[in-house]
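Residue-level structural notes
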Amino acid sequence: MALEHALLLSLEERSGSGYELTHRFENSIGFFWKASHQQIYRTLKRMVAHGWVRCDEIAQRGRPDKKLYAVSDGGRAELRRWLAEPGDPVTVRHELAVKVRGAALGDLDAVIDDIARHRDRHAERLELYRGIEQRDFPDSDGLSGQALHHHLVLRGGIRLEDSLVAWCDEMLGALRDDRPGTSGESPER
């Protein structure tokens, strides 16, 4: 997925300034697609050049003009094209998995500490997602349309974070038992 498509989705939901879009992005799409403010502004400029969004300047008193972005007909056509295009299955690039694979070659305690930090971060995000679910979807039965689609993405995030917490817990238990001097100690080579 290109950043352009994530921005088109957000702008299709509600037009806004680059600042507003960046803030919305951080609190929704940004949970699963990262982009800096600079990337968003550069991409918006490129999308205007492609004719996918229009930019209306609104005069403000004592401040620079505000640029309000909205999806154009060309942007809607691009979004429909992209939505119909088959996607590739997710390819996971997980630095922590590579570190665990090589844990025996370095400082095992440092790897264990890193896993614990990851676990805490995933547990925090899981709690955040569950809070969003309770706030925004207190009664998820009977959802349809855009509300259903947003809830399904949120449920995917909840399941992913729950799985990552469980995986970190599994690794922490196993690696702590595998330390030299514990019952799982392997013989020296």
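About the thresholds
Residues numbered from 1 in each chain as written. Predicted model: local features only at pLDDT ≥ 70, side-chain atom pairs only at ≥ 80, totals over all residues. Heavy atoms only, no water. Pairing = 2+ DSSP bridges. Helix = DSSP H or I, 4+ residues; strand = E, 2+ residues; numbered from the N terminus. UniProt positions renumbered as here; feature names shortened; annotations may be inferred. Buried < 20%, exposed > 50% of the residue type's maximum accessible area, 1.4 Å probe, protein only. Contact = heavy atoms within 4.5 Å. Axes fitted to C-alpha atoms, helices over the stretch in contact; angles between N-to-C directions. Phe/Tyr/Trp six-rings, centres within 6.5 Å; stacked < 30°, edge-to-face > 60°.

Comments concerning the pairing of strand E3 (residues 63-71)
Here strand E1 (residues 16-17) pairs with E3 via two bridges, running antiparallel. If you follow Gly16 over to E3, its bridge partner there is Tyr69. Pairing geometry for strand E2 (residues 53-60) and E3, over seven bridges, is antiparallel. Paired with Gln60 across the two strands is Arg63, which belongs to E3. In this antiparallel pair of consecutive strands, E2 and E3, the connection spans two residues, and Gly62 shows a positive phi of 70°.

Re the UniProt feature "domain: Transcription regulator PadR C-terminal" (unreviewed entry) in the protein chain
The UniProt record annotates "domain: Transcription regulator PadR C-terminal" (unreviewed entry) at residues 92-175. Here residues 92-175 is 80% helix and 0% strand, with 22 Å between the C-alpha atoms at its ends.

Focus: the side chain of Glu133
With respect to the helices and strands, the residue Glu133 is situated in helix H6 (residues 108-136). You can call Glu133 buried: its relative accessible area is 16%. Among all residues touching Glu133, those that are not within four sequence positions of it are Pro138, His151, Leu154, Arg155 and Ile158.

Structural notes on the sheet that holds E3
With antiparallel pairing, three strands are arranged side by side in an open sheet as E1-E3-E2. Both edges of this open sheet fall to E1 and E2, since each of them pairs with a single strand only. Each of E2 and E3 is contacted by helix H3 (residues 37-50), which is oriented at about 115° to E2, the strand it contacts most.

Some thoughts on the packing of aromatic side chains
Remark: the centre distance and the inter-plane angle together describe each pair of aromatic rings, the angle taken between the planes. Under the definition given, this model contains one aromatic pair. Between Phe31 and Tyr129 the ring centres are 5.2 Å apart and the planes differ by 75°, which places this aromatic pair in the edge-to-face class. Here the residue Phe31 occupies a position in the loop between helix H2 (18-26) and H3, and Tyr129 occupies one in helix H6, the gap between them amounting to 98 residues. When its relative accessible area of 27% is taken as the criterion, Phe31 is described as partly exposed.

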